[in-house]
Amino acid sequence: MKNFLIAGNWKMNKTAKEAVEFAKALKAMKLENEKDVAILVPFTHLFSIADALDGSSIRFGAQNVHYEDSGAYTGEISVKMLKETGVDYCIVGHSERREYFNETDETVNLKLKKLISSGITPILCVGESLETREENLQTEFVESQIIKAFDGIDRVDVNKIVIAYEPIWAIGTGKTATPEEAEEMCRFIREIIQEIYNDSVISEQIMVLYGGSMKPDNAEDLLNKPNINGGLIGGASLKLEDLATIAEIASKI
Ligand code: PGA
């Protein structure tokens, strides 16, 4: 049976009060596959989300972190601070952070290493822009992102990272990659991991998610694909019913 992760990326949405109400309602649904469901929330909500989810196996996490332990980095949050909140996951290298906040392949790599050392599972985002796809350079682009992200990461740590393939042209646009396009890239990502580590167990076991306008009516076709282990879901994860429906679909595959 395939492992799944259905992770909601809330981005900069919901107040702490709304977040707690959502988390409590999600918990009350007692989803069959709770442990495969996560919500990735704004920093200010982490402690209250931890409380709200107490007693359930639903996971939670943050959307970014700094790679230094402490210091003069105004406005930043360290891995140690995240750890105190009890997070399971932290997104790294989301395309919005790469585009608007100067996230580079180098900082992504440093963040991955720091998170792994603290036992928080990074969700590493990769994915090409529309221009890159139109030039048919998407595989080279994603390959380069993966190689740089995994630089210096020990083979025993590879499966502590979740990869999310998120084509930028499909994020928040309502335009989903076809299940075939998503599957092809997720399979290719495993091939890159296989090439780097020369180990088919690692490349088969690593979790690879798809993200980009996943919603209840396209989730089944995407999640059915053999190389896709779940979804990183933005817009649809803000609606309780939609997130729960996608989780239920995953539980039946
Ligand atoms: P979307 O966002 O589902 O709204 O396209 C996905 C993401 O950016 O993680």
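Our structure is the block above this text.
Keep in mind the model is a prediction, meaning the values are calculated, not measured.

(A) Looking closely at the overall build of the protein chain. Broken down by element type, the protein chain carries eleven helices and eight strands. Its C-alpha atoms give the protein chain a radius of gyration of 17 Å, within 12% of the compact-globule value 18 Å for 253 residues. Seen along its three principal axes, the alpha-carbon backbone of the protein chain occupies a region of about 45 × 45 × 35 Å. Across the 253 residues in the protein chain, those meeting the buried criterion constitute 52%. Contacts spanning at least 24 positions in sequence make up 72% of the contacts within the protein chain whose residues lie at least 6 apart. Carbon together with sulfur atoms contributes 50% to the accessible area of the protein chain, which is approximately 11800 Å² in total. Charge centroids of the protein chain, computed over 27 positive and 41 negative side chains, lie 5 Å from each other.

(B) Seen up close, the environment of Glu96. By the element assignment, Glu96 lies in helix α4 (residues 95-100). A relative accessible area of 24% means that Glu96 is categorised as partly exposed. For Glu96 and Glu181, which are 85 residues apart along the polypeptide, the C-alpha to C-alpha distance reads 21 Å. Not counting chain neighbours up to four residues away, the residues in contact with Glu96 comprise Lys11, Phe101 and Ile171. Here the side chain of Glu96 touches Lys11 through a polar contact of 2.8 Å, side chain to side chain.

(C) Representation of the packing of aromatic side chains. The full count for this structure, using the stated rule, is four aromatic pairs. Between Tyr100 and Phe101, the ring centres sit 6.4 Å apart and the planes meet at 90°, which makes this aromatic pair edge-to-face. Owing to a relative accessible area of 55%, Tyr100 belongs among the exposed residues under this scheme. One Lys or Arg, Lys14, reaches over the ring of Trp10 and ends 5.4 Å from the middle of that ring.

(D) How the structure looks around the pairing of strand β6 (residues 162-165). Neither face of β6 is open: one carries Val162 and Ala164, the other Ile163 and Tyr165, and all of them are buried. Taken together, the four bridges between strand β5 (residues 121-126) and β6 define a ladder with parallel strand orientation. Pairing of Val126 across the sheet is with Tyr165, part of β6. Of the pairings in the sheet, the one linking β6 to strand β7 (residues 207-211) comprises four bridges and is parallel in character. Bridge pairing links Val162 to Met207 in β7.

(E) Up close: the site of the ligand. As a structural note, the neighbourhood of the ligand is formed by 13 residues, with Lys11, His94, Glu166, Gly172 and Ser213 the closest of them. In this structure, an oxygen atom belonging to the ligand sits 3.3 Å away from a side-chain N or O atom of Asn9. His94 is positioned with one of its side-chain polar atoms (N or O) 2.7 Å from an oxygen atom of the ligand. Alone, the ligand offers 280 Å² of accessible surface; in the complex the protein occludes 96% of this. Class assignment of the residues belonging to the shell around the ligand gives a composition of four nonpolar, seven polar and two charged.

(F) Representation of the pattern of salt bridges. The tally for this structure, following the rule as stated, stands at 14 salt bridges. Between Lys11 and Glu96 there is a salt bridge, with the nearest N and O atoms lying 2.8 Å from each other. Taken together, the positions of Lys11 in the loop between β1 (5-9) and α1 (16-28) and Glu96 in helix α4 put the pair 85 residues apart, joining distant regions of the chain. Sharing partners across several salt bridges, the network here consists of Arg98, Asp105 and Lys148.

(G) Just the sheet that holds strand β4 (residues 89-92), in detail. Taken in spatial order, the eight strands of this closed barrel run β1-β2-β3-β4-β5-β6-β7-β8, and their pairing is parallel. Shown here is a sheet whose adjacent strand axes are inclined to one another by a mean of 25°, direction ignored. Strand direction decides the pairing type here: β4 and β5, joined by four bridges, are parallel. Residue pairing in the sheet places Val92 in a bridge with Leu124 of β5. This element, helix α11 (residues 240-251), spans β1, β2 (37-40) and β8 (230-233) of the sheet and lies at about 165° to β1.

Rules used throughout
- Residues numbered from 1 in each chain as written.
- Predicted model: local features only at pLDDT ≥ 70, side-chain atom pairs only at ≥ 80, totals over all residues.
- Heavy atoms only, no water.
- Helix = DSSP H or I, 4+ residues; strand = E, 2+ residues; numbered from the N terminus.
- Rg over C-alpha atoms; globule rule 2.2 N^0.38 Å.
- Buried < 20%, exposed > 50% of the residue type's maximum accessible area, 1.4 Å probe, protein only.
- Contact = heavy atoms within 4.5 Å.
- Areas by Shrake-Rupley, 256 points an atom, 1.4 Å probe, with all protein chains shown as cover.
- Lys, Arg positive; Asp, Glu negative; His and termini not counted.
- Charge placed at Lys NZ, Arg CZ, Asp CG, Glu CD.
- Polar contact = N/O pair within 3.5 Å; in protein donor to acceptor, adjacent residues only side chain to side chain.
- Phe/Tyr/Trp six-rings, centres within 6.5 Å; stacked < 30°, edge-to-face > 60°.
- Lys NZ or Arg CZ within 6 Å of the ring centre and 35° of its normal.
- Pairing = 2+ DSSP bridges.
- Near = heavy atom within 4 Å.
- Nonpolar A, V, L, I, M, F, W, Y, C, P; charged D, E, K, R; others polar.
- Salt bridge = Lys/Arg side-chain N within 4 Å of Asp/Glu carboxyl O.
- Axes fitted to C-alpha atoms, helices over the stretch in contact; angles between N-to-C directions.

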